[in-house]
Amino acid sequence: MTVNILEGKSQLSPYSEEDIILDPLIVLRCNTRVFRCCPILEVVIQMLTAFLAASRAFLSTHLLANSSTSSSKKQDLFNITPMCTDQEKEELKIALLAAQESTAVQILLEICLPFEGEQRDGGMLNAIREVQCLVCSQLHQIFISDPALVKLVHFQGYPSELLPVTVAGIPSIHICLDFIPELLSQPQIEKQAFAVELVSHICQHYALPKSLSVARLAINILLTHLTVLPGDERGKFFAPLLPSLVRIARAFPPLYDDITSFLVQLGQVCQASLATNQKSDGSTILSPKFRKTSTRSELDDDRELTRLTELTFVEILHQAVLNKDIF
């Protein structure tokens, strides 16, 4: 009854308990105002947790009742070949439960962001912060009970704007250090960029030896991409990651040399790309035989990336040399 009321829509056939057990995500199909009222949202999260547990128990009971041993006599009588073995059914159950729980986590993370058209006044920002604290507390309990879900959610990815919230609000997030090297080795550069941002935030809160080694690996990955990424993708990939280098440098001063070396090489690559296309007066430097063809947007990206690289270098320089607290 609570789920049907919170949805706020008139239905010809309201959801029954069996419907919600089969699909626990129905609980989150409620009016968006519920996601900004923490007392009601807390009730919704408790219902979601209960129905996810009920769904897990229902699927386990269903598998036991329809196992291969219990139906072998019927299959022998009608000469029917079993469709799936017990092991295959168990794997399908695990995959279904993982999909349900990861989708629930992704929805909870999504409500931590401001909704479209939502006012950004002080009262609404306080409500969002309260929601973020509640969601992070719940996710901490979920991640403790199922560490494999942490890996699944972060391999799926979520908006990078939430990384400061999740890393600061979920104490168990440090277990991501176990699989970040694997995430950095994924072929999708979007996942690699997400992993670099993730490790930079973790380094700020957990300055551990393991964090240092993972951060050094992330810098090496960036160096590799510097030599293999085409020019039209260079700015899109590196520009959002430059603040991550500042965070890593702040957490681990021994990595200053590696980071500044990378920034120098990045600046040299961008300057070389600009030099092979155009001089300051607009004329080309090289003869057409050696001239590199680049689009206007690519040249603009290189100029902007050069500017951001210089600003990042200056900010790290202030931390390393001009900050008296570091010595």
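In this text the structure is predicted, and so the values were computed from the model without any measurement.

Undergrad: Now, about empty space enclosed by the protein: what can you tell me, with residues and values included?
TA: Following the criterion strictly, the structure yields one cavity of 30 Å³ or more and no others. Approximately 30 Å³ is the volume attributed to the largest cavity. Around the largest cavity, the lining residues are Val105, Leu109, Leu139, Phe143, Val153, His154, Tyr158, Thr166, Ile170 and Ile173. Of all elements in the fold, only α5 (86-110), α6 (122-145) and α7 (147-156) reach the threshold of two or more residues within the lining of the largest cavity. Across the lining of the largest cavity, the residue classes tally to eight nonpolar, two polar and no charged.

Undergrad: Explain the state of the cysteines to me, and be specific about the residues and the numbers.
TA: Within this structure, the stated rule accounts for zero disulfides. Note on Cys133: no disulfide assigned, nearest cysteine sulfur contributed by Cys136 at a separation of 6.9 Å.

Undergrad: Give a detailed account of the pattern of salt bridges, specifying residues and quantitative values.
TA: Here the structure, examined in full by the defined rule, presents eight salt bridges. The partner of Glu101 in a salt bridge is Arg56, and the shortest N-O contact between them spans 2.5 Å. A residue pair is termed long-range when its members are at least 10 positions apart, and Glu101 in helix α5 and Arg56 in helix α3 (residues 38-65) qualify at 45 residues. In this structure Arg56 comes out as partly exposed when scored by relative accessible area, which is 36%.

Undergrad: Requested: an account of the nonpolar core, with residues and values cited.
TA: The tendency in soluble globular proteins is for nonpolar side chains to be buried side by side. Ile180, Phe238 and Ile259 are the most contacted members of the largest nonpolar core, which has 82 residues in total. Not counting residues up to four positions away in its chain, the partners in contact with Phe238 are Leu222, His225, Leu226, Leu229, Phe262, Leu266 and Leu305.

Undergrad: Before we move on, could you go through the side chain of Arg234 and cite the residues and values that matter?
TA: Positionally, Arg234 belongs in helix α12 (residues 231-238). According to the relative accessible area criterion, Arg234 is buried, its value standing at 5%. Discounting residues that sit within four places of it in the chain, Arg234 has contacts with Leu229, Leu266, Val269, Cys270, Ser273, Asp302 and Leu305.

Undergrad: Describe in detail the layout of surface pockets, supporting the description with residues and values.
TA: If you roll a probe as big as a water molecule over the atoms, it shows you where there is empty space left. Roughly 250 Å³ of internal volume is contained in the largest pocket. If you go around the largest pocket, you meet 15 residues; those closest to its centre are Thr49, Leu52, Glu101, Ile142 and Ser145. Of all elements in the fold, only α3, α5 and α6 reach the threshold of two or more residues within the lining of the largest pocket. At five residues, the largest contribution of residues to the lining of the largest pocket is made by α3. For the lining of the largest pocket, the residue count by class is eight nonpolar, four polar and three charged. Taken as a whole, the second largest pocket spans an internal volume of roughly 160 Å³. Of the residues forming the lining of the second largest pocket, the biggest block, five residues, is contributed by α5. Of the residues that constitute the lining of the second largest pocket, the class distribution is six nonpolar, no polar and four charged.

Undergrad: Residues and numbers for the environment of Phe35, please.
TA: Its location among the elements puts Phe35 in the loop between α2 (17-22) and α3. C-alpha separation for the pair Phe35 and Leu108, spaced 73 residues apart in sequence, amounts to 9.2 Å.

Undergrad: With reference to specific residues and values, describe helix α11 (residues 209-228).
TA: Taking 1.5 Å as the rise per residue, α11 with 20 residues should run 28 Å; its terminal C-alpha atoms sit 29 Å apart, in good agreement. Buried within α11 we find Ser211, Val214, Ala215, Ala218, Ile219, Ile221, Leu222, His225 and Leu226. Mapping the buried residues of α11 onto a view down its axis gives an arc of 155 degrees, with all of them on the same face. Away from its buried face by more than 90 degrees, α11 exposes Pro209, Thr227 and Val228. Buried residues along α11 sit in contact with α9 (180-184), α10 (189-205), α12, α13 (242-251) and α14 (256-275).

Undergrad: So, the packing of aromatic side chains: which residues are in play, and what are the values?
TA: Tallying each qualifying case throughout the model produces five aromatic pairs. Aromatic pair Tyr158 and Phe194: ring centres 5.1 Å apart, planes at 80 degrees, arrangement edge-to-face. Of this pair, Tyr158 sits in the loop between α7 and α8 (163-169) while Phe194 is found in helix α10, placing the two residues 36 residues apart along the sequence. Arranged with centres 5.0 Å apart and planes meeting at 80 degrees, the rings of Phe237 and Phe238 form a pair that is edge-to-face. Take Phe237 and Phe238: they sit in the same class, and that class is buried. Aromatic ring contacts, followed pair by pair, group Phe237, Phe238 and Phe262 into a single cluster. The lysine or arginine in question, Arg36, covers the ring of Phe115, its NZ or CZ lying 4.1 Å from the ring centre.

Procedures and definitions
Residues numbered from 1 in each chain as written. Predicted model: local features only at pLDDT ≥ 70, side-chain atom pairs only at ≥ 80, totals over all residues. Heavy atoms only, no water. 1 Å grid on protein atoms, 1.4 Å probe; cavity = no way out; pocket = protein on both sides within 12 Å on 5 of 7 lines; lining within 4 Å. Points joined across faces, edges and corners; volume = space filled by probe spheres on them. Helix = DSSP H or I, 4+ residues; strand = E, 2+ residues; numbered from the N terminus. Nonpolar A, V, L, I, M, F, W, Y, C, P; charged D, E, K, R; others polar. Disulfide = S-S within 2.5 Å. Salt bridge = Lys/Arg side-chain N within 4 Å of Asp/Glu carboxyl O. Buried < 20%, exposed > 50% of the residue type's maximum accessible area, 1.4 Å probe, protein only. Core = buried A, V, L, I, M, F, W, Y, C linked by side-chain atoms within 4.5 Å. Contact = heavy atoms within 4.5 Å. Expected span 1.5 Å × (residues − 1). Arc of directions from axis to C-beta. Phe/Tyr/Trp six-rings, centres within 6.5 Å; stacked < 30°, edge-to-face > 60°. Lys NZ or Arg CZ within 6 Å of the ring centre and 35° of its normal.

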